[in-house]
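# Architecture at a glance
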Amino acid sequence: MKDVLVIGAGKIGQVIAGLLADSGDYRVTLADRSPAALADAVPSGPRLQALALDVADTAALQQALQGRFAVLSAAPWQMTVRIAEAARAVGVHYFDLTEDVASTRRIQALAQGAGHAFVPQCGLAPGFISIAAADLMRRFERLDTVRLRVGALPVYPSNALNYNLTWSTDGVINEYIQPCDAIVDGRRTEVPALEEREEFSLDGVLYEAFNTSGGLGTLCETLEGRVRTLNYRSIRYPGHAALMKALLHDLRLKDRREVLKDILENALPATLQDVVIVFVTVTGWREGRLQQDTYAHKIYGAEVAGQMRSAIQLTTASSLCAMLDLLAEGRLPQQGFVRQEDVALADFLSNRFGAAYAPPAGVPAMARAA
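The structure contained in this document is the topic of the report that follows. (Residues numbered from 1 in each chain as written. Predicted model: local features only at pLDDT ≥ 70, side-chain atom pairs only at ≥ 80, totals over all residues. Heavy atoms only, no water.)

### Things to note about the overall build of the protein
Scanning the protein from terminus to terminus reveals 12 helices and 18 strands. Along the longest, intermediate and shortest principal axes, the C-alpha atoms of the protein span 55 × 45 × 40 Å. Within the span of the protein, comprising 370 residues, buried residues form 55% of the whole. Sequence-distant contacts, at least 24 apart, represent 69% of the contacts inside the protein between residues at least 6 apart. If you sum the accessible surface of the protein, you get close to 15,200 Å²; carbon and sulfur atoms cover 49% of it. Each charge class in the protein was averaged separately, 36 positive and 41 negative side chains, and the resulting centres sit 3 Å apart. (Helix = DSSP H or I, 4+ residues; strand = E, 2+ residues; numbered from the N terminus. Buried < 20%, exposed > 50% of the residue type's maximum accessible area, 1.4 Å probe, protein only. Contact = heavy atoms within 4.5 Å. Areas by Shrake-Rupley, 256 points an atom, 1.4 Å probe, with all protein chains shown as cover. Lys, Arg positive; Asp, Glu negative; His and termini not counted. Charge placed at Lys NZ, Arg CZ, Asp CG, Glu CD.)

Rendered as structure tokens:
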């Protein structure tokens, strides 16, 4: 069994630790600075242990990494670089879920010349969305447009924001504030969050989508000079963007993030009844014709090991676990920086964890239109 450290006993970290421990191939230590969070998250057992750890204590963090195969960060995005630096210092494989662009750029620098792998952005978006997009892109001789859309939404919205807290509140706020990478008219640029709103319908339901930060991962760098248009937008129910813009900009809560976090966490309930929507459209030339391919898939919450898990928990945790598995099997580079878009979709979906993304038997997730 490979020994791994999972940092962060929140909504996602708990599921990651449980999936890996239940697989029988990993000995897992789940670390968090909150003993109370650990007590709620970790049952006693030989393959899953708890560790009280403050990531801000560099010496304690490096000591906790000694002898491990890998460290998996499910901690808040502000802790990402600190954990990656410790992984580089000790010499263990590194994985995370961060959507923060600046943190990923720092990790990319840390990976240069490293003797072990740095695999950031292993969640849903960034993460799986890039793997799905890359699979479509490989079907074209020349690319024109790549559009990525992802949403984690309540199945039964019941408030003015049409939203429930299904993952990190800090992460949601960050992606609504930070500038967003894009390629516009063939040039790499940054566009503002919450802008360029659009509406579309899927399975008879109306949605809106708008710019948010981080979802492209490293695709801007990968596709620079190869596409005319590349963008990522978060999917929500109509009306959400306008209300968030009022909170962030008109009331200036973007400058008072802790106040906004407190408001959201005390006003918006969590829910396990959610749906994750993955919607990717690629346009380009094939056999001399301009054609379009689309990947569209919905994933709902489900029961895992006797416990109900939300769709965002399942998709995010399963994606990171699948990437760890692929590395352990020697199917990913064993050193340096690893991009999500370099992973084959077939390899990912055939993995025991990645199978969480596979559509039900007989239901295709791919549609092709000329």
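Text resumes after the structure shown.
### Comments concerning the environment of Gly-171
With respect to the element layout, Gly-171 can be found in helix H7 (residues 169-177). For Gly-171 and Asp-325, which are 154 residues apart along the polypeptide, the C-alpha to C-alpha distance reads 25 Å.

### Some words on the nonpolar core
Core analysis: the largest hydrophobic core is formed by 88 residues, its most contacted members being Ile-16 and Leu-20. Contact partners of Leu-20, with chain neighbours within four places excluded, come to Val-4, Val-6, Asp-25, Tyr-26, Val-28, Leu-72, Cys-321, Leu-324 and Phe-353. (Core = buried A, V, L, I, M, F, W, Y, C linked by side-chain atoms within 4.5 Å.)

### Re the pairing of strand E14 (residues 289-300)
Across 12 bridges, the pairing between strand E13 (residues 274-286) and E14 is antiparallel. Directly across from Val-282, in E14, lies its bridge partner Asp-293. (Pairing = 2+ DSSP bridges.)

### What about the sheet that holds strand E4 (residues 70-73)?
The strand order E3-E2-E1-E4-E5-E6-E17 describes an open sheet built from 7 strands, whose pairing is parallel. Here the strands that pair on one side only, and so sit at the sheet edges, are strand E3 (48-52) and strand E17 (336-337). The pairing of strand E6 (residues 117-119) with E17 spans 2 bridges and is parallel. The residue bridging Ala-117 from the neighbouring strand is Gly-336, located in E17. Packed onto the sheet, helix H1 (residues 11-23) meets strand E1 (2-7), strand E2 (26-32), E3 and E4 and runs at close to 160 degrees relative to E2. (Axes fitted to C-alpha atoms, helices over the stretch in contact; angles between N-to-C directions.)

### Some words on the side chain of Glu-175
Positionally, Glu-175 belongs in helix H7. Classification of Glu-175 by relative accessible area gives buried; the value is 6%. Discounting residues that sit within four places of it in the chain, Glu-175 has contacts with Trp-167, Ala-193, Thr-212, Ser-213, Ser-234 and Arg-236.

### A look at the packing of aromatic side chains
For the coordinates displayed, the defined rule picks out 9 aromatic pairs. Residues Phe-200 and Phe-279 carry aromatic rings whose centres are separated by 5.3 Å and whose planes lie at 25 degrees to one another, so their mutual orientation is stacked. Of this pair, Phe-200 sits in strand E10 (residues 198-202) while Phe-279 sits in strand E13, and the two are 79 residues apart along the sequence. Both residues of the pair, Phe-200 and Phe-279, belong to the buried class. By way of ring pairs, the aromatic residues Phe-128, Tyr-295, Phe-348 and Tyr-357 are connected into one cluster. Here Arg-142 stacks its cationic end above the ring of Trp-285, 4.1 Å away from the centre of that ring. If you follow Arg-286 out to its NZ or CZ, it ends over the ring of Phe-140, 4.5 Å from the centre. (Phe/Tyr/Trp six-rings, centres within 6.5 Å; stacked < 30°, edge-to-face > 60°. Lys NZ or Arg CZ within 6 Å of the ring centre and 35° of its normal.)

### Things to note about H1
Over its 13 residues, H1 runs 19 Å from end to end, which matches the ideal 18 Å to within 8%, given 1.5 Å per residue. Looking one or two places after H1, you find Gly-24, whose phi comes out positive at around 85 degrees. (Expected span 1.5 Å × (residues − 1).)

### Let's talk about the packing of H1 against helix H11 (residues 311-328)
Packing of H1 against H11 leaves a shortest axis separation of 9 Å and a crossing angle of 50 degrees. Classified by the angle their axes make, H1 and H11 are oblique. By crossing handedness, the relation of H1 to H11 is classed as right-handed. Across the interface between the two elements, Lys-11, Ile-12, Val-15, Ile-16, Leu-19 and Leu-20 from H1 touch Ile-312, Gln-313, Thr-316, Ala-317, Ser-318, Leu-320, Cys-321 and Leu-324 from H11. When grouped by side-chain class, the residues that make up the contact of H1 with H11 number 10 nonpolar, 3 polar and 1 charged. (Parallel < 35°, antiparallel > 145°, perpendicular 65-115°, else oblique. Left-handed = near helix turned anticlockwise from the far one by under 90°. Nonpolar A, V, L, I, M, F, W, Y, C, P; charged D, E, K, R; others polar.)

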